[in-house]
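Coordinate inspection notes
For reference, the chains in residue letters:
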Amino acid sequence: MPHPLEIFGVQPGLLSQSVRESLDTLGYVSLGRLLDDPQLEAIRKRVRQLLDAEGDKAGHELFNSERIRHPKEEGADRLANLVNKGADFDALYTHPKLIAAITHVLGPDIKLSSLNYRAAKPRQGLQKLHVDWKTAVKPGEFNVCNSIWLLDDFSPANGATRLVPRTHLCGQIPEEVLDDPLQPHPDEIILEAPAGTVIVFNSHLWHGGTVNHTDQPRRAIHSYFCTRDQISQTPQQEFATQETLARISVEAKWLLGF
Ligand SMILES: O=C(O)CCC(=O)C(=O)O
């Protein structure tokens, strides 16, 4: 029986050496524009429908989780549990290049932790520099890895994500060493890339949202992975609907932890 990663077509060589080096040394990499215009338009349309339909409840699966409690964020709109909210989102956690990058960081035993939407609202969206883990870890002992699918062009003007390169290797977390994690960091970079791009970043890298200075929301979907031994942010097996299970592949089910 081949490992599910082989069935996904995840083999050495799928990622260039420079991509692997960037993940290792800087802690992040752009995989380029993996969504074309029709895919992007379909995803944006579905997101608009969900925001309208869910109203004040949008993101409730994230905020009400008994497992990993996520504080409600006034400066951003959220949607959660996107695995079960339409086929248009399937590619965002099953794309072979994405899986190759995630497994490069976490090793072969991964699963999807959550698939959520976040949009920095106009003139809001600033987040503290943070990591997506409770404590500092030793370099190489990584438990979580994130990716961000850009639904809009990202720029310093519209609340793009900031990252502090190489901090996944520093063995420290921002809240323990920074006087004010809300402030700009001298070494931070702000992502700039066209809509449709996916950026993979080690979740132990210091990162956070910035202020959206425009009058349009800055939209993105986070496809967030952990090692299989961790508790996922969304209980994927519990939440998986009959419709999802009938639609997705055996490999996708494996990624949900089945
Ligand atoms: O959407 C972003 O720019 C970053 C979001 C983030 O890091 C988070 O919500 O933990």
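Refer to the structure printed above.
It should be emphasised that the depicted structure is a prediction, and the values quoted were computed from it without experimental measurement. (Residues numbered from 1 in each chain as written. Predicted model: local features only at pLDDT ≥ 70, side-chain atom pairs only at ≥ 80, totals over all residues.)

1. Looking at the overall build of the protein
The secondary structure content of the protein amounts to 10 helices and nine strands. The C-alpha atoms of the protein give a radius of gyration of 17 Å, which matches the 18 Å a tight globule of 258 residues would have. By principal-axis analysis of the C-alpha atoms, the protein measures approximately 50 × 40 × 35 Å. Burial status across the protein gives 40% buried among its 258 residues. (Helix = DSSP H or I, 4+ residues; strand = E, 2+ residues; numbered from the N terminus. Rg over C-alpha atoms; globule rule 2.2 N^0.38 Å. Buried ≥ 20, exposed ≤ 12 C-beta atoms within 10 Å, placed from the backbone.)

2. Re the site of the ligand
Around the ligand, the structure places Arg-118, Gln-127, Thr-161, His-207, Gly-208, Gly-209 and Ala-220. Grouping the constituent residues of the shell around the ligand by class yields one nonpolar, five polar and one charged. (Near = placed C-beta within 6 Å. Nonpolar A, V, L, I, M, F, W, Y, C, P; charged D, E, K, R; others polar.)

3. A word on the sheet that holds strand S4 (residues 144–150)
Read from one edge of the open sheet, six strands run S1-S7-S4-S9-S3-S2, paired in antiparallel fashion. Looking at the sheet topology across the chains shown, the edges are occupied by strand S1 (28–33) and strand S2 (76–79). The average undirected angle you get between the axes of adjacent strands in this sheet is 25°. Where S2 lies against strand S3 (residues 110–120), four bridges are found, and the strand directions are antiparallel. By the bridge assignment for S3, Arg-78 is matched with Arg-118. Most of the contacts of helix H3 (residues 37–54) go to S2, to which it runs at about 95°, and overall it touches S2, S3 and strand S9 (218–227). Strands S1, S3, S4, strand S7 (197–202) and S9 of the sheet are contacted by helix H6 (residues 96–106), whose axis makes an angle of about 10° with S7. (Pairing = 2+ DSSP bridges. Axes fitted to C-alpha atoms, helices over the stretch in contact; angles between N-to-C directions. Contact = placed C-beta atoms within 7 Å.)

4. Overview of the sheet that holds strand S5 (residues 162–163)
Within a sheet, adjacent strands bond to each other through the backbone by hydrogen bonds, running parallel or antiparallel. Read across the sheet, three strands follow the order S6-S5-S8 without closing on themselves; strand pairing throughout is antiparallel. Only two strands of the sheet have a single partner each, and these edge strands are strand S6 (189–190) and strand S8 (207–208). Here S5 runs beside S6; their pairing, made up of two bridges, is antiparallel. Looking at the pairing, Leu-163 lines up with Ile-189 of S6.

5. Brief notes about the environment of Ser-223
Here Ser-223 is to be found in strand S9. As a C-alpha pair, Ser-223 and Ile-199 span 24 residues in sequence and 10 Å in three-dimensional space. The contact partners of Ser-223, leaving out residues within four places of it in the chain, are Leu-92, Tyr-93, Leu-98, Leu-115, Ser-147 and Trp-149.

6. Some words on unusual backbone geometry
Of note in the backbone geometry, Asn-81 takes a positive phi value of approximately 60° without being a glycine. Tracing the backbone shows Asn-81 in the loop between S2 and helix H5 (91–94). Positioned with a positive phi, Arg-166 is a non-glycine residue whose angle comes to about 75°. By secondary structure assignment, the location of Arg-166 is in the loop between S5 and helix H7 (174–177).

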